[in-house]
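In case you want the letters, here they are:
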2 protein chains.
Amino acid sequence: MTTIQDIADKLGISKGTVSKALNDAPDISETLQKQILETAVELGYTRLRRYKKTGKRLCILVQKDNIEYEEPHQFAYDIIMGFRQMAEPAGYKVDVVPIDVQIQRKSPYDVFMLQNDYAGAFLLGFSLGEPWMKSFRSSRTPTVLYDNQIIGNSSTAYVGIDNNEGMDLAVAYLKKLGHTKIGYLSSALGSHIMQVRHRAFFQAMHNHGLKTSPSYAGCSYYLTECMEKHLPRLLDMGMTAVICCQDTFANAAINHCKELGYQVPRDISIIGFDDIPLSAYTSPPLTTIRQDRTELGKSGYYALNSLMNQVSIGTVLLHAELIVRKSTEKAPQSLDGSGRSDRTDSPAEP
Amino acid sequence: MTTIQDIADKLGISKGTVSKALNDAPDISETLQKQILETAVELGYTRLRRYKKTGKRLCILVQKDNIEYEEPHQFAYDIIMGFRQMAEPAGYKVDVVPIDVQIQRKSPYDVFMLQNDYAGAFLLGFSLGEPWMKSFRSSRTPTVLYDNQIIGNSSTAYVGIDNNEGMDLAVAYLKKLGHTKIGYLSSALGSHIMQVRHRAFFQAMHNHGLKTSPSYAGCSYYLTECMEKHLPRLLDMGMTAVICCQDTFANAAINHCKELGYQVPRDISIIGFDDIPLSAYTSPPLTTIRQDRTELGKSGYYALNSLMNQVSIGTVLLHAELIVRKSTEKAPQSLDGSGRSDRTDSPAEP
C-alpha cells in the first residue's frame, strides 16, 4: 500500500508537505499541491485510509451543459433525490457538483476526487467526447455512470433503464395498433444512450418482423435539422408512426407535423422516450416510455455502495414502462396502401 | 383486490372450502384444491395478504437436471450461499427446492408458488424450452432468474455476469499475445446464456478488428461432437487459440488437443468461461473468465427484494474477470504463416 513517505520520496520533499497537500492546508502553493496529488494518484495512494478520518463523502457530478437538475420539473432532479434518499440515511454526506469541460481539463478525474476527498461519485449527463471519459477506463475510484457504460473497469458501474425493452414495448404497441411503417427520429449519436436506442430501434423492428432500412431513421445534432429535413422525409416515405429518441424531440415533432398539415394521432402516431414531466401536457399528451427517475437514483446509490464494498456490480437496468396517452392511435387506412404493409398478422385493435 | 369470497363465487363453493385450499388443510381433495388454487391465480388473488399472516418465505428453485448445487465444489453451491447470506438475516426463510420437468408439468408456476406460500423465487438453471419459461412472461410473482432474461415483465429480473465484457476481456488478452485466428466452441444454443456468449464472441472479434466467419464457431449439444468434429476442424483452419463456452468444454478441449498431437498452450491456447473450482486443477491449469458466484447470489437477493418492494429492477450484471493461468501463451510462429494473420498491430508480449 502506498504511504505518504512513498509520495515524499518520489518527489524528494518532506512528509509534512505531502500531508499538507493531501489535507488541503492553506500554506502550500496550488502548483505544488497539484503535483503532489497527481503523484499520489499515479502511485495508487489509497483514499480509503483518509475517508476513515474525515467521514464519508460522496458526490453527484452533473455535466451541467447536458442535463438540467435544479428544479423539480427538470429531468435529473428526481434522480438526485432518489440517490440522496438512500445515501444520507446510510451516513454519507452528498455534494451535488456541477461540472463542465473546463473543470475536466483543469484536473484529472482521480485528482479531482482525491483533492475533494470523495469516496465515490455518481455521474449524470456525460457524453462520449468529454475529457474525463477516457479516465474512467482506468480510474480506481468507485464511479457509477447514469446512461454510460465503461467496459472492463471493475471500479465503474452503469445504471439506466433497459432501452431494448423500452423500444420493444413501443414497437409492439404500434404493431398492435396496425402500424407497420415506423420511423425513428434521434439526436446525434454522440452519447452512449443515443447509440443504444438507435440500435434498439432496428432490433425491435426486426424482432417484430417489420421491415426497415437505414433510411427509416433520421439523426441530427440539430433539432431543427431533424424537424425540417428528416421528419418530412419520413412522412413522405409513408410512415404512419414515428418513435423519437426523447420527449423533447417528440414534442417538437407533434408541433411540426401540425405545421406540415398532419394531425397527430389521426394521420401519424408519435411516441417519445423518458416521460419527462412536460409529456403529460403536450398537445395531444404524449405516449412515451417511462424512466422511473427516483428509482434510477436509488439504484445509482446501490451500485456505488456495492463498488465501495468491493462488490463489482457492472450494470443495473430498470424495467422500462410504456405510458399510453393521446399521441398514438390505430394506423390510418391510406388510400394507396402506402401507409400499410400487406401483412395480415397485424390487425388494428377494435 | 380479489377476495376469498370472489373465488368462492366463481366456483360456486363456500368460503370455508376456499380457505381450506389456500391454507393447505388436510381434509380437502387434491383435485379440488388444485382447481381452487388455479382459480385464485386466474382471478389475481394477491398472495401478499397471506404472507403477512404466515411469515415471509422465499425459494431458490434449482433445475436439477441442468445445474449441480449440493456440494461445495459444484457450480451453484456458492450462488445459493450468497443468496442465503443476504436473505436470512433480513428475516426470510429460504427453501432450496429441486425442480424438474415433471414438477413443471404438474402445476403452473404461479399455482406452485401460491400453494407453497412463497413470496418470491430465485431460479437457477432453467433453459429456454422448459414448461415454466412461458409462464414467466405473464406471472405476477416476483421472480429473479439467473442467466435468463424475460423481456417486458416488470415482475421478473435477470441476474448474471456481463458476458459481453467477459468475451471482450478474453479476445483482448489473446490479441495482446499475438493471436489473430481465434475459434469458439460451444454447447447447443438452447439456453439464453449460450446465445448471449455466442453473439458476444463475434462482437468481441469485430470490436478488436479480427476476422471471423460463422465457421469460426462450432456448436453442438453433444460434447463428443464438439471435440471429435468441431475442435479438429478449428485446428485444421489454423486457429492458434480457442475460447470455450464453459470450463468443462475447455477441460475436454485441452485433453482432446493432446490426443490430436497438439500441446496446450505451446501449439494452441485455450480459454474457458465460469472459473468453476475444477479450473485451477486442469492440466495445464485453465485461463478463464470468472463469475463471482457468491456475489451473484447476493445480487439475486437484492433484485428479488427490489421486485417485492415494487422497485422494478430488470437486470443486474456483475463485472467479468479474466483469470490468467497456464493454458494460454503467445501465439506460435507457424511455418507457413497460416496460424498468423498479416496484421502488424498485434505484437506478441515480450
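Residues numbered from 1 in each chain as written. Chains lettered and ligands numbered in written order. Predicted model: local features only at pLDDT ≥ 70, side-chain atom pairs only at ≥ 80, totals over all residues. Heavy atoms only, no water.

1. Considerations on the sheet that holds strand β7 (residues 217-219) of chain A
All names here are of chain A. Pairing in this open sheet of six strands is mixed, and the strands run β7-β6-β8-β9-β10-β12 from one edge to the other. Each end of this open sheet is capped by a strand with a single partner; those strands are β7 and β12 (321-323). Averaged over neighbouring strand pairs, the angle between their axes works out to 20° when direction is ignored. Across three bridges, strand β6 (residues 182-186) lies against β7 in parallel orientation. Residue pairing across strands places leucine 185 opposite glycine 218, the latter belonging to β7. Here helix α8 (residues 163-176) sits on the sheet and contacts β6, β8 (241-244), β9 (269-274), β10 (287-290) and β12; the angle it forms with β9, its principal contact strand, is near 165°. (Pairing = 2+ DSSP bridges. Helix = DSSP H or I, 4+ residues; strand = E, 2+ residues; numbered from the N terminus. Axes fitted to C-alpha atoms, helices over the stretch in contact; angles between N-to-C directions. Contact = heavy atoms within 4.5 Å.)

2. Section: the side chain of His256(A)
All names here are of chain A. Note that histidine 256 resides in helix α11 (residues 247-259). In this structure histidine 256 comes out as buried when scored by relative accessible area, which is 15%. For histidine 256, the contacting residues outside a window of four places in its chain are Met227, Glu228 and Leu231. (Buried < 20%, exposed > 50% of the residue type's maximum accessible area, 1.4 Å probe, protein only.)

3. Side note on the nonpolar core
Counting residues in hydrophobic clusters, the biggest one holds 156 residues, and the most contacted among them are Leu124(A), Ile243(A), Ile270(A), Leu124(B), Ile243(B) and Ile270(B). Contacts of Leu124(B), omitting those with residues within four sequence positions, involve Ile60(B), Leu61(B), Val62(B), Gln63(B), Ile67(B), Ala76(B), Ile79(B), Ile80(B) and Tyr146(B). (Core = buried A, V, L, I, M, F, W, Y, C linked by side-chain atoms within 4.5 Å.)

4. Concerning the relation of the copies chain B and chain A
For these two chains of identical sequence, chain B goes onto chain A by a turn of 180° and a shift of 0.0 Å along the axis, with RMSD 0.1 Å. Those values place the two copies in the arrangement expected of a two-fold rotation axis. By C-alpha distance to the rotation axis, the residue of chain B lying nearest is Val316(B), at 2.3 Å. Most of the interface of chain B is mirrored in chain A, where 100% of its interface residues are also at the interface. (Least-squares fit on C-alpha atoms with pLDDT ≥ 70 in both.)

5. Re the packing of aromatic side chains
For any pair of aromatic rings, the description consists of the separation of the ring centres together with the inter-plane angle of the planes. Taken as a whole and judged by the stated rule, the model has 25 aromatic pairs over all chains. Consider the rings of Phe201(B) and Phe202(B), whose centres lie 5.1 Å apart with planes at 75°: the pair is edge-to-face. Counting every residue linked through ring pairs, the aromatic cluster contains Tyr109(A), Phe112(A), Phe126(A), Trp132(A) and Phe136(A). Lying across the ring of Tyr92(A), Lys56(A) places its NZ or CZ 4.5 Å from the centre. (Phe/Tyr/Trp six-rings, centres within 6.5 Å; stacked < 30°, edge-to-face > 60°. Lys NZ or Arg CZ within 6 Å of the ring centre and 35° of its normal.)

6. Concerning the pairing of strand β2 (residues 93-99) of chain B
Residue and element names in this part refer to chain B. Judged from the seven bridges that link them, strand β1 (residues 57-63) and β2 form a sheet pairing that is parallel. The residue of β2 that forms the bridge with isoleucine 60 is valine 96. You can see the chain leave β1, run along helix α5 (residues 77-87) and come back into β2, and the turn it takes is right-handed. (Right-handed = clockwise from strand over helix to strand, strands pointing away.)

7. Here we look at unusual backbone geometry
All names here are of chain B. Valine 264 connects to proline 265 through a cis peptide bond whose omega is 10°. Position of proline 265 among the secondary structure elements: in the loop between α11 (247-259) and β9 (269-274). Backbone torsion omega between serine 283 and proline 284 reads 0°, so that peptide bond is classified as cis. Looking at where proline 284 falls in the secondary structure, it is placed in the loop between β9 and β10 (287-290).

8. Overview of the confidence of the model for chain A
Residues and elements named next belong to chain A. Per-chain confidence: chain A averages 89 in pLDDT, with 92% of residues scoring 70 or above. In this model, residues 334-350 is a region of pLDDT below 50 whose contacts with residues beyond four sequence positions or in other chains number 32 contacts. Both scores are available for the predicted complex, with the pTM at 0.82 and the ipTM at 0.78. (pLDDT = per-residue confidence, 0-100.)

9. Here's the deal with the packing of helix α1 (residues 4-11) of chain A against helix α2 (residues 15-22) of chain A
The geometry of a pair of packed helices is captured by two quantities: the angle between their axes and the separation between those axes. Residue and element names in this part refer to chain A. For the pair α1 and α2, the least separation of the axes is 8 Å and the interaxial angle reads 110°. On the basis of the axis angle, α1 is roughly perpendicular to α2. The hand of the α1/α2 crossing is right-handed. Only Lys15, Val18, Ser19 and Leu22 of α2 make contact with α1, whose side of the interface consists of Ile4, Gln5, Ile7 and Ala8. (Parallel < 35°, antiparallel > 145°, perpendicular 65-115°, else oblique. Left-handed = near helix turned anticlockwise from the far one by under 90°.)

10. A word on the side chain of Ser279(B)
Residues and elements named next belong to chain B. Within the element layout of this structure, serine 279 appears in the loop between β9 and β10. Overall, the relative accessible area of 1% leaves serine 279 in the buried class. Polar side-chain contacts of serine 279 include one of 2.6 Å to the side chain of aspartate 247. Discounting chain neighbours no more than four positions away, the residues touching serine 279 are Asp247, Pro285, Leu286 and Arg325. (Polar contact = N/O pair within 3.5 Å; in protein donor to acceptor, adjacent residues only side chain to side chain.)

11. Comments concerning the sheet that holds strand β2 (residues 93-99) of chain A
Read from one edge of the open sheet, twelve strands run β2(A)-β1(A)-β3(A)-β4(A)-β5(A)-β11(A)-β11(B)-β5(B)-β4(B)-β3(B)-β1(B)-β2(B), paired in mixed fashion. Each edge of the open sheet carries a strand with a single partner, namely β2 of chain A together with β2 of chain B. This sheet shows a mean twist of 15° between the axes of neighbouring strands, independent of strand direction. With four bridges connecting them, strand β5 (residues 156-161) of chain B and strand β11 (residues 313-318) of chain B associate as parallel partners. Paired with Ile161(B) across the two strands is Leu318(B), which belongs to β11(B).

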